[in-house]
There are 2 protein chains.
Amino acid sequence: MARRTKAEAEQTREQILDAAEAVFLDRGVARASLAEIAQAAGVTRGAVYWHFRNKADVFDAMYCRVHLPMEDLFNQVLALEDGAAVDALRDYCVQSLLSLARNPRRQRVYSILFHRCEFIDELRDSNERLIAIQHRGLASMEALFRRERALGTLPNVCPRLAAVTIHTAMLGLYFDYLREPTAYDLENQAAPLVDLIFRCVS
Amino acid sequence: MARRTKAEAEQTREQILDAAEAVFLDRGVARASLAEIAQAAGVTRGAVYWHFRNKADVFDAMYCRVHLPMEDLFNQVLALEDGAAVDALRDYCVQSLLSLARNPRRQRVYSILFHRCEFIDELRDSNERLIAIQHRGLASMEALFRRERALGTLPNVCPRLAAVTIHTAMLGLYFDYLREPTAYDLENQAAPLVDLIFRCVS
DNA sequence: GTTGACAACCATACGCGAATGTATGTAACT
DNA sequence: AGTTACATACATTCGCGTATGGTTGTCAAC
């Protein structure tokens, strides 16, 4: 094969990541081979090894493509200082679920994260980064609830427990929805579900 | 090796399952080889292939060893007809978390289920059985909430949504705890956490 | 209560495919 | 001209399933 232009090379890189999403989802990360991914992308393993060091590197790139934007948004919400922070957090949760229902790529990637990969050996680093992110999120949420409680707008619920509850409830929703998306009508139930969850902390 | 007595054979079977728990947890189900499991159990692959058909069969046996008793208990709770069913359900949730914190075997196996296996190909059947169990559990919980609401002891919350919320909240707690057990003091926090969760439906 | 004989229980050996990483080739972009 | 962006070829390793071998419980039969 001849050499491609820089833009074309970037395009094949994206093709490989697209193919990785499909193959990981279908076969699981561990059982997926780079040959399958390459074939699904219409290239050979040579191309994959040119753009990525190995399978873990492909996985990380695929993950960053969808998670980094979401993380930014989350940090943005938590930085809110005014008294409407809880409402903003609730809105963020609803929007997060709606975007999950509407964005097929997010759906695929998070489905892989929750149900199609084993976070060990080569993916151990990715997992620890994920856990670190969630720790920061939890701490921020705890601080948020603490501030709100000081303002007297919330009942006397332990901020730490409240943050853990919201966090795990959303995790469980993601987990269960992605296991069987057809069992949910997330488009219509996202808001009621989040409202119900927030009833226990407000 | 010579032939063992029937009791000794059953013991090596248990040894293999014990070893499978450790190896699956350490290496993930997909990357774990039957040779590793055999070595950890102090036998050879011949013994493994005598007691089990393949890796999926080992996985199923390991899973049934801890899940079947728990499932029985759950069905028992849901069969309660009197007005204290919600309290019984809440108690069951607390006890479920406490037993998770105290029983190392349950901890290992559920950790494998949530974080160390990809439910595809050979494990697809196991997964569908799991989903079917959860469906029945959800339906029973929904019926429970419907009955309780009819008695007027609960606020006007959609029974389906209530059941889904409790279910996913517990799923999320399992998921997050098993990812990092040291981050929780489940022994002391199980009851407060479950109480907080149930605040949104009662 | 012996005694064969069969089968249970497990170890060892073999063949096979599949996946990985690297090394090398090659044509075109810059 | 030199490097980029791949394709192709090669060597190696690993794990699976099965086939085979060997020892000893187990139990019917006498």
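In case you missed it, the structure is sitting above this.
Quick caveat: nothing in here was measured; it's all calculated off a predicted structure. (Residues numbered from 1 in each chain as written. Chains lettered and ligands numbered in written order. Predicted model: local features only at pLDDT ≥ 70, side-chain atom pairs only at ≥ 80, totals over all residues. Heavy atoms only, no water.)

(A) Representation of the nonpolar core in the model. In this structure, Phe24, Phe59 and Phe145 of chain A together with Phe24, Phe59 and Phe145 of chain B are the most contacted members of the largest nonpolar core, which totals 148 residues. Excluding residues within four positions of it along the chain, Phe59 of chain B makes contact with Phe24, Val29, Ile112, Leu113, Cys117, Phe119, Leu123 and Ser126 of chain B. (Core = buried A, V, L, I, M, F, W, Y, C linked by side-chain atoms within 4.5 Å. Buried < 20%, exposed > 50% of the residue type's maximum accessible area, 1.4 Å probe, protein only. Contact = heavy atoms within 4.5 Å.)

(B) Layout of helix α7 (residues 124-150) of chain A. Here α7 of chain A contains 27 residues, and its C-alpha end-to-end distance of 39 Å stays within 8% of the 39 Å for a straight helix at 1.5 Å per residue. Phi turns positive one or two residues past the end of α7 of chain A, at Gly152 of chain A, with a value near 80 degrees. (Helix = DSSP H or I, 4+ residues; strand = E, 2+ residues; numbered from the N terminus. Expected span 1.5 Å × (residues − 1).)

(C) Fine view of the interface of chain B and chain A. Taken together, the contacts link 45 residues of chain B with 45 residues of chain A. Note on chain B versus chain A: buried area summed over both sides is about 3700 Å², and carbon and sulfur give 58% of it. Considering only the surface of chain B that becomes buried against chain A, Glu118, Arg179 and Leu196 of chain B emerge as the three largest contributors, covering 16% of it. Across the chain B-chain A interface, the total number found is six salt bridges. As a salt-bridge pair, Glu122 of chain A and Arg31 of chain B come within 3.2 Å of each other at their nearest N and O atoms. Joining chain B to chain A, the criterion identifies 13 residue pairs in polar contact (both at pLDDT 80 or more). Elements represented by at least two residues in the side of chain B that touches chain A include exactly α1 (6-27), α6 (104-115), α7 (124-150), α8 (159-179) and α9 (186-198) of chain B. The element best represented in the side of chain B that touches chain A is α8 of chain B, accounting for 13 residues. (Buried area = accessible area lost by both parts, 1.4 Å probe. Salt bridge = Lys/Arg side-chain N within 4 Å of Asp/Glu carboxyl O. Polar contact = N/O pair within 3.5 Å; in protein donor to acceptor, adjacent residues only side chain to side chain.)

(D) Highlighting the protein's contact with DNA strand C. Surrounding DNA strand C, one finds 21 residues, the nearest of these being Arg3, Arg45 and Tyr49 of chain A together with Thr44 and His51 of chain B. Atoms of DNA strand C within 4 Å of the protein belong to the sugar or the phosphate in 64% of instances, the rest to bases. The separation between a phosphate oxygen of DNA strand C and a polar side-chain atom of Tyr49 of chain A is 2.3 Å. With respect to DNA strand C, the side chain of Thr12 of chain B contributes an N or O atom lying 3.0 Å from a phosphate oxygen. Within the residue set of the surface near DNA strand C, elements represented by two or more residues are α3 (45-51) of chain A together with α1 and α3 (45-51) of chain B. If you tally residues by element for the surface near DNA strand C, the top one is α3 of chain B, at five residues. (Near = heavy atom within 4 Å.)

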